[in-house]
Amino acid sequence: MESGEVLVFYPVTVRPWMAKLAGWLGDGGSPPRTAKLQLDQLGSAVWAMLDGQTPLRRIAAAFAEDHRLERKEAEVAVTQFIRELGRRGLIGLR
Amino acid sequence: MRPTDWKTIAWNGVRFAVPGDWEPGRIGRRHLLFESEPGPVMEIKWGAVKGRFSRRRQLRELSRRIGRRRSAFQERPLPGEWRTSLAGFEAAGFQWDAANERAVGVLLYCAACRTVSLIQFFERPETASIEHTAARVLASFRDHRTDGRMAWALYDIVAFLPAHFTLERHRFEAGRFVLEFKERRCRLTLYRWAPAGVLLHKQSLAVFAETVAGGAGLEFRPMTIAGHPGLEGRDPAPTGCVACLKTRLGIVLVRRLRLWHVAGRNRILGVRLEGRRPIDDPEMCALSDAYGMDHEKTSATFADPG
């Protein structure tokens, strides 16, 4: 986005029973739904650091340094954010 | 902060110094657990003793509690370095060993303030002995002051409040710290928000104060607080005899809020005082002066003049 914030579009998987119900109602052929998630400035900064290689601890350290946060505080914030992305199926966690 | 730097921790009556890389992992009203990179390193619990202090009974209780975790508890004499540091206390050393963890600790009793403190340091097989570091922590340990104030220092905030403000609630969330104190007729709240650059990116400090800091309905005026740009909000002056009388009788709640932007540290600090009595300027000034960032309060500030 112009503001530098990230807008993420991602496909939403429908629960099997809902898909079946949609099929019965004649809506089975419609394209998969997409949801969007607008990240704020902090979320966008962390999102930009997610490359599948950099460990979480290093991302949190860089985040703490960029925003002059306490190490522990940054770790908690980044972990919560990553967990939320994982819950929405936007990223996979190892 | 380099890991070799030490920092002062002060919380609900106790204060001590810990290595810079020890971070509070769990914070209770009378309990702190510190962690470093490999895991927990230190735990402290304290409380006032009711009645007569019995070292034997306290150690027996501790041994029972630790025994439940299948750890072998035993009393041990204090190492020489510790004994020198703890000269002002009645102290009893102990240790316990579990499968992959070991702890050394001390039970302290201060006859002056009748506080008992349990301090233990955790060791892992892969880490070096903690005894020397522990001696330095214990040497800095104090459990009372004589100046009628109480120090609060955790993470990057420091406050020296009159001791009659008792801690009621605390929250240390990422980006938002809140400490709530109460006194007989008023309530004091200390805030710390971060990162200020992001929080004030799309709004002014006044808008932030109204929408986030609970200052809705207050009249704000800009002011400099501790050398930083800030503002103060207060309830509109009562108009009419009835409103004035209500304020004087303590029927209506009086609110004062001060917020300031510590740009150098990317933080916003706030002090909110509300009560059923008039709040005057010197009181508000004293409270906002007593609160700040860790770099603004030197170790000399922690010293007890008594």
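Structure: above.
Cut-offs and rules
- Residues numbered from 1 in each chain as written.
- Chains lettered and ligands numbered in written order.
- Predicted model: local features only at pLDDT ≥ 70, side-chain atom pairs only at ≥ 80, totals over all residues.
- Heavy atoms only, no water.
- Helix = DSSP H or I, 4+ residues; strand = E, 2+ residues; numbered from the N terminus.
- Buried < 20%, exposed > 50% of the residue type's maximum accessible area, 1.4 Å probe, protein only.
- Contact = heavy atoms within 4.5 Å.
- Lys, Arg positive; Asp, Glu negative; His and termini not counted.
- Charge placed at Lys NZ, Arg CZ, Asp CG, Glu CD.
- Core = buried A, V, L, I, M, F, W, Y, C linked by side-chain atoms within 4.5 Å.
- Pairing = 2+ DSSP bridges.
- Axes fitted to C-alpha atoms, helices over the stretch in contact; angles between N-to-C directions.
- Buried area = accessible area lost by both parts, 1.4 Å probe.
- Salt bridge = Lys/Arg side-chain N within 4 Å of Asp/Glu carboxyl O.

(A) Spatial organisation of the overall build of chain B. When you go through chain B residue by residue, the secondary structure sums to eight helices and 19 strands. Considering only C-alpha atoms, chain B reaches an extent of 70 × 45 × 35 Å along its principal axes. For chain B, buried positions account for 50% of its 306 residues. When contacts within chain B are restricted to residue pairs at least 6 apart in sequence, long-range pairs at least 24 apart make up 50% of them. Side-chain charges in chain B split into 49 positive and 34 negative, and the spacing between the mean points of these groups amounts to 6 Å.

(B) Representation of the nonpolar core within the structure. The biggest cluster of nonpolar side chains holds 58 residues, and the ones touching the most others in it are Phe16, Leu32, Met42 and Phe121 of chain B. When neighbours within four sequence positions are excluded, Phe121 of chain B is seen to be in contact with Trp22, Val41, Met42, Trp82, Arg102, Ala103, Val104, Ile130, Ala134, Val137 and Leu138 of chain B. Of all hydrophobic cores here, the second largest spans 18 residues; its members include Leu39, Val78 and Leu85 of chain A together with Ala194 of chain B.

(C) Quick look at the sheet that holds strand E13 (residues 176-182) of chain B. Residues and elements named next belong to chain B. Reading across from one edge, E12-E13-E14-E18-E17-E16-E15 is the order of the seven strands in this open sheet, with antiparallel pairing throughout. With partners counted over all chains shown, the strands left at the sheet margins are strand E12 (166-173) and strand E15 (219-225), one partner each. On average, each strand axis in the sheet is tilted by 15° relative to the strand beside it, whichever way the strands run.

(D) A look at the interface of chain B and chain A. The interface of chain B with chain A comprises 24 residues on the first partner and 13 residues on the second. Together chain B and chain A conceal approximately 1400 Å² of surface at their shared face, both sides included; 46% is due to carbon and sulfur atoms. Considering only the side of chain B, the residues that lose the most area to chain A are Glu23, Ala174 and Val198 of chain B, jointly responsible for 31% of the buried surface there. Counting across the interface, chain B meets chain A through four salt bridges. Between Arg192 of chain B and Glu73 of chain A there is a salt bridge whose closest N-O contact spans 2.2 Å. Elements with a minimum of two residues in the side of chain B that touches chain A: strand E3 (23-28) and E13 of chain B.

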